[in-house]
Amino acid sequence: MGAASFNGLNELLNNKRALKELLLLEKERRGIERDKLLFVGVANVASYRWCAVKSLLASKRGELSFFSAYLEDRIKYSLELGYVDSVPTSKEKLLDVGDEVTLDDIERLLAKRGELEIIPEPVGTDEAPPMIAGKLLHWSKAERYPTIRWNFPWRGYVVVGVPDGITDSFVYEFKTTGNDFLLRFIKPVAFAQADLYDFFRRGTKRVQVYVREGGRVLTWMDDVASDNAEGTLQRFKRLEEGEEPSPPKKWKCKKCEFRRECMLYQRA
């Protein structure tokens, strides 16, 4: 990618107003109402298995970010693959960039990334905030595989995701949790997320959860469950369309950042 193209793309992706205009234009092009979701993230959809309302609210809050990721990937990959040689200035043409990119192209780009040769350095997490601690543990405990971000269409949604790893035979998902009690609630989310990566056509998932209490890494190897991915997406879509959600365990609400927006919490 030329420096001019790279700079032009970065300028666009950092312009929130321009991104919002492009998002609304893309919804119009696809016949999607302005207030309805079009771009969603795999992790947020999978988190339906933790809390349905949080899954939806996080998706609404993050839609612009997922659209930005979708746009960035389509343009960067198209430049890398030689489908275009510059970033178009026309809004319509900009949104058309990436239509030629296929899953076979994604496979070729993934192969170019190669295996990551990263040796994690020991990191301290005892005094870090929970979110930061989780990221540090992810960096130090997760296995290392190449990966790539891409998207797939599903019934009016564009679902954007990047596995923690992709090998020739499986997709990899890694999560952390505090103890065995919480493991029961995190495991279904991790499995749903790995299953949603079915569009990478691997057929097998490798899921790991690091349990901080005891310092154990638990590992599961299993077939990708397309029905679990489909079921999670269907439930998420019905929720957005107005279906009454089942309330989560009350203790999940205590530190939830969406409490003030959550209709279930306000009713309690």
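Please read these numbers as outputs of a predicted model, since none were measured by experiment. (Residues numbered from 1 in each chain as written. Predicted model: local features only at pLDDT ≥ 70, side-chain atom pairs only at ≥ 80, totals over all residues. Heavy atoms only, no water.)

Trainee: I would appreciate a short explanation of the nonpolar core in the present structure.
Mentor: The nonpolar side chains of a soluble globular protein tend to be buried, and buried together. Residues Ile106, Ile148, Val159, Phe200 and Phe236 are the most contacted members of the largest nonpolar core, which totals 32 residues. Counting residues per element, the ones that place at least two in this core are α3 (42–46), α4 (52–81), α6 (103–113), β2 (150–154), β3 (157–161), α8 (180–196) and α9 (226–240). Here this core takes 4 residues from α9, the largest share from any one element. Residues contacting Val159, with those up to four places away along its chain left out, are Val40, Val42, Trp150, Asn151, Phe152, Trp154 and Leu233. Core analysis: the second largest hydrophobic core is formed by 24 residues, Leu25, Leu79, Leu95 and Val158 among them. (Core = buried A, V, L, I, M, F, W, Y, C linked by side-chain atoms within 4.5 Å. Buried < 20%, exposed > 50% of the residue type's maximum accessible area, 1.4 Å probe, protein only. Helix = DSSP H or I, 4+ residues; strand = E, 2+ residues; numbered from the N terminus. Contact = heavy atoms within 4.5 Å.)

Trainee: When you look at the environment of Trp220 in this model, what are you seeing that I'm missing?
Mentor: With respect to the helices and strands, the residue Trp220 is situated in strand β7 (residues 216–223). Contact partners of Trp220, with chain neighbours within four places excluded, come to Leu183, Lys187, Phe191, Lys205, Arg206, Val207 and Val209.

Trainee: What exactly am I supposed to notice about α4 here?
Mentor: Every α-helix carries 3.6 residues per turn, so stepping three or four residues along brings you back to the same face. Along its length, α4 reaches its greatest deviation from straightness, about 60 degrees, at Gly62. With 23 of 30 residues buried, α4 is to be regarded as a mostly interior element. Among the residues trailing α4, Gly82 stands out with phi positive, at a value near 85 degrees. (Bend = angle between axes of the 7 residues up to and from the residue.)

Trainee: Honestly, the pairing of strand β5 (residues 171–177) in this entry has me stumped. Any pointers?
Mentor: By the criterion of burial, β5 is predominantly enclosed, with 7 of the 7 residues buried. The two faces of β5 match: Val171, Glu173, Lys175 and Thr177 on one face and Tyr172, Phe174 and Thr176 on the other face are all buried. As defined by bridge partners, strand β4 (residues 165–166) adjoins β5 across 2 bridges and the pair is classed as antiparallel. Bridged to Gly165 within β5 is Tyr172. Remark: the β5/α8/strand β6 (residues 204–211) crossover connection has right-handed handedness. (Pairing = 2+ DSSP bridges. Right-handed = clockwise from strand over helix to strand, strands pointing away.)

Trainee: Just checking my understanding: could you explain the pattern of salt bridges for this structure?
Mentor: Two side chains that carry opposite charge are able to pair once their charged atoms sit near each other. Inspection of every chain in the model, using the stated rule, returns 25 salt bridges. Notably, a salt bridge pairs Lys91 with Glu21, separated by 3.2 Å at the nearest N-O pair. One end of the pair, Lys91, is in helix α5 (residues 91–96); the other, Glu21, is in helix α2 (residues 16–30), with 70 residues separating them in the sequence. Residue Glu21 is classed as partly exposed on the basis of its relative accessible area, which comes to 36%. The salt bridge involving Asp73 is made with Arg149; its shortest N-O contact spans 2.8 Å. Taken together, the residues Asp73 in helix α4 and Arg149 in the loop between α7 (130–141) and β2 connect sequence positions 76 residues apart. (Salt bridge = Lys/Arg side-chain N within 4 Å of Asp/Glu carboxyl O.)

That is the geometry; function is a separate question.
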